[in-house]
Amino acid sequence: MGFIEFMDLKLPIYLDNNATTPCDPRVVEAMLPYFTEKFGNAASRSHAFGWVAEEAVDYAREQVAKLINAETKEIIFTSGATEADNLALKGVFEMYASKGNHIITCTTEHKAVLDTCKHIEKLGGEVTYLPVKADGLIDLAELEKAITAKTILIAIMYGNNEIGVVQPIREISAIARKHGVLFFTDATQAVGKIPVDVQADGIDLMAFSAHKMYGPKGVGALYVRRKNPRVKVTAQMDGGGHERGMRSGTMNVPGIVGFGKACEICRKEMEAEAARLSILRDKLEKGLLELEEAYVNGNTEHRLPHVANISFKYVEGEGLMMGFNKNIALSSGSACTSASLEPSYVLKALGLGDDLAHSSLRFGLGRFTTEEQIDYTIGAIKETVLKLREMSPLWEMFKEGIDLNSIEWAHH
Amino acid sequence: MAYSEKVIDHYQHPKNVGTLDKAKKNVGTGLVGAPECGDVMRLQIEVDEESGIISDAKFKTFGCGSAIASSSLATEWLKGKTVDQALAIDNMDIVEELNLPPVKIHCSVLAEDAIKAAINDYRVKNGLAELELEEKKH
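Please read these numbers as outputs of a predicted model, since none were measured by experiment. (Residues numbered from 1 in each chain as written. Chains lettered and ligands numbered in written order. Predicted model: local features only at pLDDT ≥ 70, side-chain atom pairs only at ≥ 80, totals over all residues. Heavy atoms only, no water.)

The subject of this paragraph is the overall build of chain B. When helices and strands are counted, chain B shows five helices and three strands. For 138 residues, the compact-globule estimate of 2.2 N^0.38 gives 14 Å, and the C-alpha radius of gyration of chain B, at 14 Å, lies within 12% of that figure. Taken over 138 residues, chain B has a buried fraction of 54%. The long-range share in chain B, meaning contacts at least 24 apart out of those at least 6 apart in sequence, stands at 61%. When the accessible area of chain B is evaluated, it comes to approximately 6000 Å², of which 48% is carbon and sulfur surface. For chain B, the separation between the mean place of its 16 positive charges and that of its 23 negative charges on side chains is 4 Å. (Helix = DSSP H or I, 4+ residues; strand = E, 2+ residues; numbered from the N terminus. Rg over C-alpha atoms; globule rule 2.2 N^0.38 Å. Buried < 20%, exposed > 50% of the residue type's maximum accessible area, 1.4 Å probe, protein only. Contact = heavy atoms within 4.5 Å. Areas by Shrake-Rupley, 256 points an atom, 1.4 Å probe, with all protein chains shown as cover. Lys, Arg positive; Asp, Glu negative; His and termini not counted. Charge placed at Lys NZ, Arg CZ, Asp CG, Glu CD.)

If you want it as structure tokens, here you go:
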């Protein structure tokens, strides 16, 4: 490829920040002492090693709480967002069993929520999976209609991991309040990227994770409201009674310290970072939409600033990525590698045909993305799309004016 | 998942991309797969009427790198073979040549189906009976 003409271009380019982010060096620096000289168990009350570790966890808890405008006692550290999702859903289901057994969620949630809901159904729970509109947002009227006397929890994500669409959180929490139902949100993609305020947003429980905001992998948190109302969850991990009995297990002190530092950096830099990334994202999107038959998936107004999901009709996503995956890392809604051959369920939930879902790429920009990298990406993707369309029988048919729906395809 | 060097080579330098005139009597066209499945292959052969040898083969494929490589390889193998010889091409030959992993075997099956569909189209155009094809699992 003849693109390497930029002075500041660092290859390979990482545009899969929705999957995970690199650790900020400042985060790593904060963590390091807690592996070696400050290695104590935060639960060791009888000596200085334990006190130092406990102090570090307390400080990190403040840093985390501050980012989302919570109280320190409302933060339960977990191994990540998946565990926090499990604890919120199963914990509420168990704790509020006498009140009801019905949970409302939506079809575009992360698997950590959907599969936990499936598990709850096996335990006798009832779950409503709300559809989403073509832009990926839920219909608030549908949500309210779904509430019954048995409803104990509404679980709707903050920002979607594939298309970046941000749900109307305040409207959802208002509906939950009105009906006396708890509101849980998986905010893994949103916290640290856009302002998330559990008070103003009316959130009762919230899952989030360090490694999506330039912190380490293996640590996350569940926010559990303590006042108005006081929310309780039944522990899903029994043992030494850590985290006020809600999550037993030795504290991951270096991870928690890193999580705290990552939250502090996000709190201070998020606003400027979001502004910078949305400019880059818009540039990327504008550049790529110069191609014919390229479409943005999901609502573009209510969207995380660093995310874009684009379908390039008549080329297949995985084949497309192969054209540049030596130099650009991103992900596709196509699932040609999986045995099922099923494309993204999120894109299908928007009503996209399988063909468009197979043709999609997900871009997740991040703290270390540069404008040179975006310029390079636009060029490389355009070149590959054009090359693959020359090779695509579907593109040829489209250009000849043949309606692809009129063809009887041999489904296998 | 890493691709084999041969798959990458076919992807970067595909052989015989293009379109033959499907109106010609000695051109057979096979179109297999479906957009919904993420793979569509169109494979065409042109048969020399005197010798019965496949003188040209072209493809266009919508799909992943392995699907593109499988069809590119198929066109290379088809050229110079008689139609009967072409029928003997087995998808596992493609798997072996391209070192396809198990999740990509369906790409080779699709290529074999495309070859057979093109041959059948040629046969029907030339007054020959359509061949019964065994169903392979995709």
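Next comes the rest of the description.
Residues and elements named next belong to chain A. Taking strand neighbours across the sheet as the criterion, the seven strands line up as β2-β8-β7-β6-β5-β3-β4 in an open arrangement whose pairing is mixed. This sheet does not close on itself; its edge strands, each paired only once, are β2 (75-78) and β4 (126-130). When the angles between neighbouring strand axes are averaged without regard to direction, this sheet yields 20 degrees. In this structure, strand β6 (residues 182-186) lies alongside strand β7 (residues 205-209), joined through three bridges in parallel fashion. (Pairing = 2+ DSSP bridges. Axes fitted to C-alpha atoms, helices over the stretch in contact; angles between N-to-C directions.)

Before going further, it helps to examine the packing of helix α2 (residues 65-78) of chain B against helix α4 (residues 91-98) of chain B. Residues and elements named next belong to chain B. It is at 10 Å that the axes of α2 and α4 come closest, and there the two elements cross at 110 degrees. Looking at the two axes, α2 sits roughly perpendicular to α4. In this structure, α2 meets α4 at a crossing whose hand is right-handed. For the pair α2 and α4, the contacting residues are A69, S70, L73 and W77 in the first and D93, I94, E97 and L98 in the second. Split into classes, the residues belonging to the contact of α2 with α4 amount to five nonpolar, one polar and two charged. (Parallel < 35°, antiparallel > 145°, perpendicular 65-115°, else oblique. Left-handed = near helix turned anticlockwise from the far one by under 90°. Nonpolar A, V, L, I, M, F, W, Y, C, P; charged D, E, K, R; others polar.)

Another point: the sheet that holds strand β1 (residues 27-34) of chain B. Residue and element names in this part refer to chain B. Reading across the sheet, the three strands line up as β1-β2-β3 and stay open at both edges, with antiparallel pairing between neighbours. In the strand order of this sheet, the two ends are held by β1 and β3 (54-62), each with one partner. If you compare each strand with its neighbour and ignore which way they point, the axes differ by 10 degrees on average. Summarising the sheet, strand β2 (residues 39-47) and β3 pair through eight bridges and their orientation is antiparallel. By the bridge assignment, V40 is partnered in β3 with F62. Across the face of the sheet, helix α5 (residues 105-125) comes into contact with β1 and β2 while running at roughly 145 degrees to β1.

Next up on the list: helix α2 (residues 48-67) of chain A. For an α-helix the count is 3.6 residues per turn, leaving residues at separations of three or four pointing the same way. Residue and element names in this part refer to chain A. The end-to-end C-alpha distance of α2, which contains 20 residues, comes to 29 Å, matching closely the 28 Å that a straight helix rising 1.5 Å per residue would cover. Of the residues making up α2, those classed as buried are G50, A53, A56, V57, A60, R61, Q63, V64, A65 and L67. Buried residues along α2 sit against β2, β7 and α7 (253-288). Following α2 by one or two positions, N69 adopts a phi angle in the positive range, close to 60 degrees. (Expected span 1.5 Å × (residues − 1).)

A few words now on the interface of chain B and chain A. Of the residues lining the interface, 31 residues belong to chain B; the matching set on chain A comes to 30 residues. Taken together, the two surfaces of chain B and chain A that pack against each other cover about 2800 Å², and 67% of this comes from carbon and sulfur. When the buried area of chain B at its contact with chain A is split by residue, B:Y11, B:E36 and B:F62 rank highest and sum to 25% of it. Inspection of the region where chain B meets chain A yields three salt bridges. With its nearest N and O atoms 3.0 Å apart, the salt bridge here joins A:E318 to B:K104. Going through the elements one at a time, α1 (5-12), β1, β2, β3, α2 and α5 of chain B are the ones with two or more residues in the side of chain B that touches chain A. (Buried area = accessible area lost by both parts, 1.4 Å probe. Salt bridge = Lys/Arg side-chain N within 4 Å of Asp/Glu carboxyl O.)

In this section: the side chain of A:K90. Residue and element names in this part refer to chain A. With respect to the helices, strands and loops of the structure, K90 is situated in helix α3 (residues 81-95). The buried charged residue K90 lacks any salt bridge partner; its closest oppositely charged side chain belongs to E94, at an N-O distance of 8.8 Å. In terms of polar contacts, K90 uses its side chain to reach the side chain of N86, at 2.8 Å. Residue contacts for K90: discarding those within four places in its chain leaves T116, H119, I120 and Q236. (Polar contact = N/O pair within 3.5 Å; in protein donor to acceptor, adjacent residues only side chain to side chain.)

This paragraph deals with the packing of aromatic side chains. Ring pairs (aromatic) are described by centroid distance and by the angle formed between their planes. Residues and elements named next belong to chain A. According to the stated counting rule, one finds seven aromatic pairs over all chains in the structure shown. Consider the rings of F39 and F49, whose centres lie 5.2 Å apart with planes at 35 degrees: the pair is tilted. With a gap of 10 residues between them, F39 in the loop between α1 (25-31) and α2 and F49 in helix α2 connect regions that are remote in the sequence. With centroids separated by 5.8 Å and ring planes inclined at 55 degrees, the aromatic side chains of Y314 and W395 adopt a geometry described as tilted. Taken together, the positions of Y314 in the loop between β10 (307-312) and α8 (317-322) and W395 in helix α12 (residues 393-399) put the pair 81 residues apart, joining distant regions of the chain. (Phe/Tyr/Trp six-rings, centres within 6.5 Å; stacked < 30°, edge-to-face > 60°.)

Another aspect to go through is the pairing of β1(B). Residue and element names in this part refer to chain B. Taking burial as the measure, the eight residues of β1 include seven buried ones, the bulk of the element. By the bridge criterion, eight bridges tie β1 to β2 in an arrangement that is antiparallel. Among the inter-strand pairings, V32 is bridged to a residue of β2, identified as M41. From the end of β1 to the start of β2, which pair antiparallel, there are four residues, and G38 there has a positive phi angle of about 85 degrees.

All names here are of chain A. Among the five residues of strand β3 (residues 102-106), five are classified as buried, and the element is accordingly described as predominantly covered. Taking every second residue as pointing to the same face, both faces of β3 are buried, with H102, I104 and C106 on one and I103 and T105 on the other. Bridging between β3 and β4 involves five bridges; their strand directions are parallel. Residue pairing for β4: I103 is matched across the bridge by V127.

Moving on, we get to the environment of B:A34. Residue and element names in this part refer to chain B. Note that A34 resides in strand β1. You can call A34 buried: its relative accessible area is 0%. Sequence separation between A34 and G63 is 29 residues, and the spatial gap between their C-alpha atoms is 9.9 Å.

Turning to the pattern of salt bridges, a few remarks are in order. Opposite charge on two side chains permits them to pair, given that their charged atoms come into close proximity. Residue and element names in this part refer to chain A. Enumeration over the complete set of coordinates arrives at 30 salt bridges over all chains. Between R367 and D24 there is a salt bridge, and its shortest N-O distance comes to 2.8 Å. Taken together, the residues span a long stretch of sequence, with R367 in the loop between β13 (360-364) and α11 (371-390) and D24 in the loop between β1 (13-14) and α1 at a distance of 343 residues. Assessed through its relative accessible area of 10%, R367 is described here as buried. Since its relative accessible area comes to 2%, D24 is described here as buried. Look at the salt bridges and you will find they share partners, linking D24, R26, E269, E273 and R367 into a network.

Geometric descriptors of this kind do not, in isolation, establish any biological role.
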